[in-house]
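# Overview (structure and organization)
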Amino acid sequence: MSTKVSDHILERLRAWGVEQVFAYPGDGINGLLAAWGRAEDQPRFIQSRHEEMSAFEAVGYAKFSGRIGVCAATSGPGAIHLLNGLYDAKLDHVPVLAIVGQTNRTAMGGSYQQEVDLHTLYKDVASEFVETVTVPEQLPNVLDRAIRTAYARRCPTALIIPADVQELDYSPPTHEFKMVPSSLGMSDYTATPTDEALRRAADVLNAGDKVAILIGQGAAGAVAEVREVAEMLGAGVAKALLGKDVLSDELPYVTGPIGLLGSRPSYEMMRDCDTLLTIGSSFPYTQFMPDFGKARGVQIDIDPHMIGMRYPYEVNLVGDARATLRRLIPMLKAEGRGREWYDTVCANVKRWHETMERRAGLSADPINPEHVARALDPLLPDNAILTSDSGSVANWYARHITMRPGMRGSLSGTLATMGPGVPYAIGAKFAHPDRPVFALVGDGAMQMNGLAEMITAAKYRDRWSDPRLVVAVWNNQDLNQVTWEMRAMEGAPSFLPSQSIPDVQYAAFARSLGLTGIRVEKPEDVEAGWRAALEADGPAVVEFLTDPAVPPIPPHASWEQMEATAASILKGDADRGSMVKQGLKAKVQEFLPGRQKH
């Protein structure tokens, strides 16, 4: 039998080490589906419930494996559905390849069924590389280049393959004019700055008395180097949310998250520092950085496109974080530094943990959402992988989960889209089937995407050697983050037609799929609920009935305000039934960025 274009695509994916493709079928990729049958499901076809979930699963897989995530969809609506997940990959700098079908070439331009100008549609999201395959000889070059580009630029790329092209006999490019050959593989590469640039950076850092370090996901390969630099300079280390799992929260000088979902010690460190070193982060919120002119700055980033634009850095070092720090460390001077700054940072970190523990211990109606996250923290295995959805649950993930060495975690950091929590977790299970995975999800996100993807979890549960996939739902019947944003930014009470959502029986739904389902209605049962989910012999949904009246207070609220505001609200300053928070506008507005001076 002759080899079809579709056969060659799967063969080339296997040659690149692709082990699964997250996809949903449709007639626009019928040729590929037939090839999958001939290839005995290699790479494995992982069927989601919706193409957007396929893209999110590919992103989750790529984030937690370090390998390219691949998703596939049919022409027209299927290709359109992938877009949100692909934009998530683009904004969080994750290598993903999308393979999508297209109407037969003979019908193009004829307003045919499912005919969409996919090249134009994908030109932004896959701006680094998108190509339509019109003849067999374009392969393997375009597929190889799409994969290399995704890895090199840490971005999504796309191949559009008309249905009739998939069915053509494959013929490779020949040794002729206007043919483009290709070859497999690419070596690792490391970029480092010049010696002169490193010396200028060292001069800035050595001159600082109060050094703050900000790390993101780009520092993940430089854990030992970041620790060495921080300890040499007596610096504190704040973490952008995408870098939450880079450095252990058990280190006394790690101030935790930064930004609106950040910690008070991170806020104070940035407010008071005289020197800022940013490593592998494009954290965008300038108002949480030092005041302009108050701190000298150095940035390290591997991508010259992303450097020098978040703060007026004095020195911008383009290079791999680990390689750059290894060359920078011999130029740094540890001697002669006092301990006052370091001791202040560590004292603030200790106070923060105590404050968060007290906030989590406040009584609420029925359960304090902070208590739910706090109770999970000591139960997490050392090799746990966590995903968080967007919304108020991201506050509790950021502030109450202690990342220890070996643990991993991520969320939709830049797009901040709703709905990736559960599909990220499924992607993580395929990346690491031998590790426990926890998805922390709000009820809005669970209704949007999570419920359907529990069907996917049930479908593939037998493929994971460690059966633990725990999906936790904060059930407060409110789109809580937007509700608080409305009160804070607009000074308006909750608009119930937009914010109130139904009380869905999430645990019962899980049980209907043959999974473990646990519903927790009282605070004294929270820890037992977590333990039961951890002991389940397969995927589990544990839902907690939480109080929507617990505010995610911004980090620039004072220590006293951070404790007193939550306590006063929970004592009954507001009518929980209607969710109209009388007097809350004044309480929250004073904490907003730009509403008060440092």
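Within every chain, residues take consecutive numbers counted from 1 along the sequence as written. Where totals are concerned, whole chains, interfaces and linings use all residues; where local detail is concerned, this predicted model gives features only for residues with pLDDT of at least 70, and gives and counts side-chain atom pairs only at 80 or more. Hydrogens and water are ignored here; the side-chain numbers use all heavy atoms of the structure.

## As for the pairing of strand β7 (residues 211–215)
This is how it is decided: Classification of residues uses two cut-offs on accessible area relative to the type maximum, computed with a 1.4 Å probe and protein chains only: under 20% is buried, over 50% is exposed, and between them is partly exposed. Secondary structure elements are taken from DSSP: a helix is a run of H or I of four residues or more, a strand is a run of E of two residues or more, and numbering for both begins at the N terminus. By this definition, two strands are paired if DSSP reports at least two bridges between them. When the strands point away from the viewer and the connection leading from the first strand across the helix to the second strand turns clockwise, the crossover is called right-handed.
With respect to burial, β7 is a largely interior element, five of its five residues being buried. Residues Val211, Ile213 and Ile215 line one face of β7 and the alternating positions Ala212 and Leu214 line the opposite face, and both faces are buried. Pairing between β7 and strand β10 (residues 275–279): five bridges, direction parallel. The partner of leucine 214 across the bridge, within β10, is threonine 278. Bridge count between β7 and strand β8 (residues 236–239): four bridges; the pairing is parallel. The residue bridging alanine 212 from the neighbouring strand is glycine 236, located in β8. A crossover links β7 with its parallel partner β8, the connecting element being helix α10 (residues 223–233), and its sense is right-handed.

## Digging into the sheet that holds strand β14 (residues 408–410)
The criterion, for reference: In this analysis an axis means a line fitted to C-alpha atoms, helices contributing only their contacting stretch, and an angle means the value between N-to-C directions, from 0 to 180 degrees.
Reading across the sheet, the six strands line up as β14-β13-β15-β16-β18-β17 and stay open at both edges, with parallel pairing between neighbours. Each edge of the open sheet is held by one strand with a lone partner, namely β14 and β17 (516–520). Adjacent strand axes in the sheet meet at a mean angle of 15° when their direction is disregarded. Pairing geometry for β17 and strand β18 (residues 540–545), over five bridges, is parallel. Of the residues in β18, the one forming a bridge with glycine 517 is valine 541.

## A look at the environment of proline 467
The condition is simple: Note on contacts: a residue pair is in contact if any heavy atoms of the two residues lie within 4.5 Å.
The residue proline 467 is located in the loop between α17 (443–460) and β16 (469–475) in this model. Residues proline 467 and glutamate 535 lie 68 residues apart in sequence; the distance between their C-alpha atoms is 9.5 Å. Setting aside residues up to four positions removed in sequence, proline 467 forms contacts with Lys429, Ala536, Asp537, Gly538 and Pro539.

## Concerning helix α1 (residues 5–15)
By the criterion of burial, α1 is predominantly enclosed, with eight of the eleven residues buried. Among all positions in α1, only Val5, Ser6, Asp7, His8, Ile9, Leu10, Arg12 and Leu13 are buried. The inward-facing, buried residues of α1 abut β1 (20–23), α2 (30–38), β4 (96–102), α7 (141–153), β6 (156–162) and α8 (163–166). A positive backbone phi angle near 85° is found at glycine 17, which sits one or two residues after α1.

## Overview of the pattern of salt bridges
It is possible for side chains of opposite charge to pair when their charged atoms get near one another. Just so we agree on the cut-off: When a carboxyl oxygen of Asp or Glu is within 4 Å of a side-chain nitrogen of Lys or Arg, the pair counts as a salt bridge.
What the rule picks out here adds up to 31 salt bridges. One salt bridge in this structure joins arginine 67 and glutamate 19, with 3.7 Å as the shortest N-O distance. Taken as a pair, arginine 67 in the loop between α3 (51–65) and β3 (69–73) and glutamate 19 in the loop between α1 and β1 lie far apart in primary sequence, 48 residues in all. Judged by its relative accessible area of 30%, arginine 67 is partly exposed. A relative accessible area of 40% places glutamate 19 in the partly exposed class. We note a salt bridge from lysine 350 to glutamate 354, for which the minimum N-O separation is 2.8 Å. Here lysine 350 pairs with glutamate 354, and both are found in helix α13 (residues 340–360), just four residues apart, close to one helical turn. Residue class for lysine 350 comes out exposed when judged on its relative accessible area of 53%. By relative accessible area, which is 32% here, glutamate 354 ends up partly exposed. Each member of the salt-bridge network shares a partner with another, and the members are Glu225, Glu228, Arg322 and Arg326.

## Focus: the nonpolar core
Selection criterion: Only buried residues count toward a nonpolar core. Its members are Ala, Val, Leu, Ile, Met, Phe, Trp, Tyr and Cys residues joined through side-chain atoms within 4.5 Å.
Membership of the largest hydrophobic core comes to 53 residues, with the highest contact counts inside it found for Leu82, Tyr122, Met446 and Val471. Per element, the largest residue contribution to this core is eight residues, and it comes from α3. In contact with valine 471, other than residues within four places in its own chain, are Val422, Ala439, Val441, Met446, Met454, Ala540, Val541 and Val542. With 37 residues, the next largest nonpolar core counts Leu379, Val470, Ala472 and Trp474 among its residues.

## Regarding helix α16 (residues 421–431)
Counting buried positions along α16 gives eleven out of eleven residues, so the element sits mostly inside the fold. Of the residues making up α16, those classed as buried are Gly421, Val422, Pro423, Tyr424, Ala425, Ile426, Gly427, Ala428, Lys429, Phe430 and Ala431.

## Side note on the state of the cysteines
This is how it is decided: Whenever a pair of cysteine sulfur atoms sits within 2.5 Å, that pair is classed as a disulfide.
Summed over the entire model, instances satisfying the criterion amount to zero disulfides. Unpaired in this structure, cysteine 71 has its nearest cysteine sulfur neighbour in cysteine 155, at a distance of 13 Å.

## Points about the packing of helix α11 (residues 264–272) against α13
Helices that pack against each other are described as a pair by the angle of their axes relative to one another and the distance between those axes. Put simply, the rule is: Angle categories: roughly parallel below 35 degrees, roughly antiparallel above 145, roughly perpendicular from 65 to 115, and oblique for all the rest. Take the far helix as the reference: if the near one is turned anticlockwise from it by less than a right angle, the crossing is left-handed, and if turned clockwise, right-handed. Residue classes follow a fixed rule: Ala, Val, Leu, Ile, Met, Phe, Trp, Tyr, Cys and Pro count as nonpolar, while Asp, Glu, Lys and Arg count as charged, and any other residue, Gly among them, counts as polar.
The N-to-C vectors of α11 and α13 enclose an angle of 155°; their axes lie 8 Å apart at closest approach. With respect to each other, α11 and α13 are oriented roughly antiparallel. Where α11 crosses over α13, the handedness of that crossing is right-handed. From α11, Arg264, Pro265, Glu268, Met269 and Asp272 reach across to α13, where they touch Trp341, Val345, Asn348, Val349 and Trp352. Residue classes in the contact of α11 with α13 are distributed as six nonpolar, one polar and three charged.

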